[in-house]
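# Chain and residue survey
Okay, here's what each chain looks like letter by letter:
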Amino acid sequence: MSSPSSSPAGKVSKRSLTEQQVRALDHLRKKLREVAGTQEAIVGVAKIIGDMPSLSAEVCQILAEEHAHSRHINHKLSIFYVFNEIVQRSRTGNQSLLQAGAEKFLNPNMCSFVANLSPHDKKPYLRTLDIWLKRRVYSAKYLTGLREAWSKPTKPPPNSTSKRRRVGDDRNGSPESMHRPKHVVDEEKLKTMRVVLAPPPPPRQLREGTH
């Protein structure tokens, strides 16, 4: 069976599937919902996908849906690692899977999700991009754009406005700190320097001996 063709809008055209293919995709969806974060589990699901090379578009669509519907960040990462496993296996062979992955899995929804993660939770996603670049899974230009999109949050952090408006908080640029004379800050710095550089007091015995 030939790989699905792409429409001008970038979406894979619909086609009829056999009963066996439908069962295989349902089995894949079930395995994705159960996949754990172990290498063995991730490779196991990737092997299931490897047995259906003609269903690249459908596979990537299911990956995207299950990643979006998952409510646990670790489970989402496991699904992403399944995708990483299959694209690295396909980088020298199944080009249709790489194309479908870019269109259906690495889409704006994924970009929005990764961009709004904490720096700690974002690291494995960005680290994977570095691996793809090194192994030439996707082009450098595409991965550079993806990294830029994933690195910039698409919405402001919670309560950021209220923090900026909090009265008396010099760290957030309050009016008090903006209008404070600069010489006051300089004097405080000088006092701190004097404390640090001041010599220690003479020993008690020497002081007593001088009187």
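Since this is a predicted model, take the numbers as computed values, not measurements.

## Concerning the pattern of salt bridges
Scanning the entire structure with this criterion turns up six salt bridges. Between Glu65 and Arg29 there is a salt bridge, with its nearest N and O atoms 3.1 Å apart. Taken together, the positions of Glu65 in helix 3 (residues 56-69) and Arg29 in helix 1 (residues 19-34) put the pair 36 residues apart, joining distant regions of the chain. Linked by salt bridges that have partners in common, Arg29, Arg33, Glu65 and Glu66 make up one network.

## Some points on the environment of Phe83
In this fold, Phe83 is placed in helix 4 (residues 73-90). Residue classification places Phe83 among the buried residues on the basis of a relative accessible area of 0%. Expressed as a C-alpha distance, the spacing of Phe83 and Phe105, which sit 22 residues apart in the sequence, is 8.4 Å. In contact with Phe83, not counting residues within four places along its chain, are Cys60, Leu63, Gly101, Phe105, Leu106, Trp132 and Tyr138.

## A closer look at helix 7 (residues 119-135)
When the terminal C-alpha atoms of helix 7 are compared, their 24 Å separation across 17 residues agrees well with the 24 Å that a helix rising 1.5 Å per residue should span. When we look at burial in helix 7, the residues that qualify are Lys122, Pro124, Tyr125, Leu126, Thr128, Leu129 and Trp132. Along its buried surface, helix 7 packs onto helix 3, helix 4, helix 6 (108-115) and helix 8 (140-151). Phi for Arg136, located one or two positions after helix 7, is positive at around 60°.

## Considerations on the environment of Ser112
Secondary-structure assignment places Ser112 in helix 6. Between the alpha carbons of Ser112 and Trp150 there is a distance of 7.2 Å; along the sequence they are 38 residues apart.

## Observations regarding the nonpolar core
Counting residues in each nonpolar core, the largest one holds 42 residues, and the members touching the most others are Leu63, Phe83, Trp132, Tyr138 and Trp150. For this core, the secondary structure elements donating two or more residues are helix 1, helix 2 (39-50), helix 3, helix 4, helix 5 (95-105), helix 6, helix 7 and helix 8. Here this core gets seven residues from one element, more than from any other, and that element is helix 4.

## Things to note about the packing of aromatic side chains
Counted under the stated rule, the structure contains 11 aromatic pairs. Relative to Trp132, the ring of Phe80 has its centre 5.9 Å away and its plane inclined at 40°; by these criteria the two rings are tilted. You can see Phe80 sitting in helix 4 and its partner Trp132 sitting in helix 7, a full 52 residues away along the chain. For the pair shown, Phe80 and Trp132 are each scored as buried. Their ring planes at 85° and their centres at 6.3 Å tell us that Tyr125 and Trp150 sit as a pair that is edge-to-face. Taken together, the residues Tyr125 in helix 7 and Trp150 in helix 8 connect sequence positions 25 residues apart. Among the residues examined, Trp150 registers a relative accessible area of 0% and is labelled buried.

## Re the side chain of Ser90
Mapped onto the elements, Ser90 comes out in helix 4. Judged by its relative accessible area of 8%, Ser90 falls in the buried class. A polar contact is formed between the side chain of Ser90 and the backbone oxygen of Ile86, at a distance of 2.8 Å.

Rules used throughout
Residues numbered from 1 in each chain as written. Predicted model: local features only at pLDDT ≥ 70, side-chain atom pairs only at ≥ 80, totals over all residues. Heavy atoms only, no water. Salt bridge = Lys/Arg side-chain N within 4 Å of Asp/Glu carboxyl O. Helix = DSSP H or I, 4+ residues; strand = E, 2+ residues; numbered from the N terminus. Buried < 20%, exposed > 50% of the residue type's maximum accessible area, 1.4 Å probe, protein only. Contact = heavy atoms within 4.5 Å. Expected span 1.5 Å × (residues − 1). Core = buried A, V, L, I, M, F, W, Y, C linked by side-chain atoms within 4.5 Å. Phe/Tyr/Trp six-rings, centres within 6.5 Å; stacked < 30°, edge-to-face > 60°. Polar contact = N/O pair within 3.5 Å; in protein donor to acceptor, adjacent residues only side chain to side chain.

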